[in-house]
Amino acid sequence: MRASRELLAAFALAVVLDLACLAVGFRTGHVVAKVLLMPLLAASAARAGAPRLLVAALLCGWGGDVLLLSDADPAFMAGMASFAAGHVCYLVLFRRQGPPHARARLLALAYAAALVTLVALLWPDLPTGLRVPVAGYSTLLTAMAYTAATRLGPLAGIGGALFMLSDTLIATGVADWPQLPRPDLWIMLTYAAAQFLLVRGTLDARPAPATAYREVRSTTP
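What you are looking at is a predicted structure, and each value in this text was computed from that prediction instead of being measured.

It is worth spelling out the packing of aromatic side chains at this point. Scanning the model with the defined rule gives five aromatic pairs in all. Aromatic pair F83 and Y191: ring centres 5.8 Å apart, planes at 90°, arrangement edge-to-face. Here F83, found in helix α4 (residues 73-95), pairs with Y191, found in helix α8 (residues 183-204); they are 108 residues apart in sequence, far enough to count as distant. Classification of F83 by relative accessible area gives buried; the value is 8%. Centre to centre, the rings of F163 and Y191 are 5.6 Å apart; their planes meet at 80°, and the pair counts as edge-to-face. Here Y191 lies in helix α8 and F163 lies in helix α7 (residues 154-174), a separation of 28 residues in the sequence. Each member of the pair, F163 as well as Y191, carries the same accessibility label: buried. Here a set of aromatic residues connected by ring pairs shows up, and it is made of F83, F163 and Y191.

Put into C-alpha cells, the structure is as follows:
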C-alpha cells in the first residue's frame with residue numbers, strides 16, 4: 001500500500017505541475033507532465049489491487065492523452081477512439097458491480113436529456129466529418145458516466161460527470177464556440193479529477209476481504 005500511496009502522490013504532483021504549466025503557457029512542461037499522469041495513476045491503482053479493466057481504462061486514457069497532443073485530424077480521431085476503448089473498459093467493469101441503484105431510471109432521463117441537448121447544440125458547428133464520430137463517442141461517454149453513477153457510489157458518479165464536462169469543453173473548442181481563458185487548464189483539471197474519482201470510486205466499491213478462518217476462530221469462546 002505504501003508504494004500505491006507514493007505513486008498517487010507522484011500523480012498529484014504531476015497534476016499540479018501540468019496545471020501550473022498551462023496557467024503560464026509553458027507547453028513543453030505541459031507535454032511532459034501530461035504524459036506522466038495516467039501511467040502514474042494506473043500504477044498506483046494496480047499496486048492497490050485494482051481490477052485489470054480499471055488499469056486498462058487508464059492506459060487507454062494515456063493513449064488518448066498522447067495522441068491529442070497533436071493538432072492533426074487523424075490524431076484527434078485516433079485519440080477519441082482510444083478514449084472510447086477506455087470507456088468500454090469502464091462500462092464492462094462497472095456493470096459487474098451489481099444491479100443499478102433505485103434512482104437509476106430518474107438519472108437515465110437526466111443523462112439522456114444532457115446527451116441529446118449537447119449533440120443537438122454542437123451538431124451544426126462541428127466539422128462535417130466529425131459530427132457522427134463525436135455523437136457516437138458522446139453516447140458512449142454518457143453511458144459510462146450513467147453506469148458509474150448508478151452502479152457505484154457518489155465519487156464515481158462525480159467522476160463520470162466531470163469526464164463529460166471535460167470532453168464537452170474539448171468539443172466546444174472543436175466547434176469553435178467561445179472559450180474560457182486558458183481552456184486547456186480547465187480541460188485537464190476536470191479530466192484529472194474525473195479519472196482519480198473513477199479510480200477511487202471503483203476501489204471503494206470492492207467487497208471487503210473475507211475474514212481469515214484463524215481470525216474468526218480466535219474470537220470464538
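Now for the environment of M38. Mapped onto the secondary structure, M38 falls in helix α2 (residues 27-47). A residue is classified by how much of its surface remains accessible, and M38, at 0% relative accessible area, is buried. Expressed as a C-alpha distance, the spacing of M38 and A57, which sit 19 residues apart in the sequence, is 9.6 Å. Those residues in contact with M38, other than ones at most four positions away along the chain, are F11, L58, G61, W62, D65, Y191 and Q195.

Turning to the nonpolar core, a few remarks are in order. In this structure, F11, L58, Y90, F94, M144, F163 and L198 are the most contacted members of the largest nonpolar core, which totals 51 residues. Looking at this core, the elements that each hand over two or more residues are α1 (2-24), α2, α3 (52-67), α4, α5 (104-122), α6 (128-151), α7 and α8. Considering each element in turn, this core owes the most residues, nine residues, to α4. Those residues in contact with F163, other than ones at most four positions away along the chain, are F83, H87, Y137, L141, M144, Y191, A194, Q195 and L198.

What follows covers the packing of α4 against α8. Two elements in contact, α4 and α8, have axes separated by 12 Å at closest approach and are oriented at 25°. When the interaxial angle is binned, α4 and α8 end up roughly parallel. Of the two elements, α4 crosses α8, and the hand of that crossing is left-handed. Here F83, Y90, L93 and F94 of α4 come into contact with α8, specifically with Y191, Q195, L198 and T202. Class assignment for the residues of the contact of α4 with α8 results in six nonpolar, two polar and no charged.

Let us look at the environment of F94. If you trace the backbone, F94 turns up in helix α4. Relative accessible area serves as the criterion here: at 0%, F94 is assigned to the buried category. Note: C-alpha distance between F94 and A205 (111 residues apart in sequence) is 9.8 Å.

Taking 1.5 Å of rise per residue, the 23 residues of α1 would be expected to cover 33 Å, and the 33 Å separating its terminal C-alpha atoms lies within 8% of that figure. Among the residues of α1, S4, F11, A14, V15, D18, L19, C21 and L22 are the ones counted as buried. Just downstream of α1 lies G25, where phi reads positive at about 80°.

Further remarks concern the pattern of salt bridges. Two side chains bearing opposite charge may form a pair once their charged atoms approach each other closely. The final tally for this structure, using the stated rule, is two salt bridges. The closest approach of N and O atoms between R2 and E6, which form a salt bridge, is 3.1 Å. Within this pair, R2 and its partner E6 are both found in helix α1, separated by four residues, close to a single helical turn. Residue R2 is classed as exposed on the basis of its relative accessible area, which comes to 61%. A salt bridge links R200 to D204, with the nearest nitrogen and oxygen atoms 3.2 Å apart.

A negative phi holds for most residues other than glycine; trans holds for most peptide bonds. One non-glycine residue, D176, adopts positive backbone phi at about 65°. Its place among the elements puts D176 in the loop between α7 and α8. Phi angles above zero are rare outside glycine, and R182 is one such case at about 50°.

How each quantity is defined
- Residues numbered from 1 in each chain as written.
- Predicted model: local features only at pLDDT ≥ 70, side-chain atom pairs only at ≥ 80, totals over all residues.
- Heavy atoms only, no water.
- Phe/Tyr/Trp six-rings, centres within 6.5 Å; stacked < 30°, edge-to-face > 60°.
- Helix = DSSP H or I, 4+ residues; strand = E, 2+ residues; numbered from the N terminus.
- Buried < 20%, exposed > 50% of the residue type's maximum accessible area, 1.4 Å probe, protein only.
- Contact = heavy atoms within 4.5 Å.
- Core = buried A, V, L, I, M, F, W, Y, C linked by side-chain atoms within 4.5 Å.
- Axes fitted to C-alpha atoms, helices over the stretch in contact; angles between N-to-C directions.
- Parallel < 35°, antiparallel > 145°, perpendicular 65-115°, else oblique.
- Left-handed = near helix turned anticlockwise from the far one by under 90°.
- Nonpolar A, V, L, I, M, F, W, Y, C, P; charged D, E, K, R; others polar.
- Expected span 1.5 Å × (residues − 1).
- Salt bridge = Lys/Arg side-chain N within 4 Å of Asp/Glu carboxyl O.

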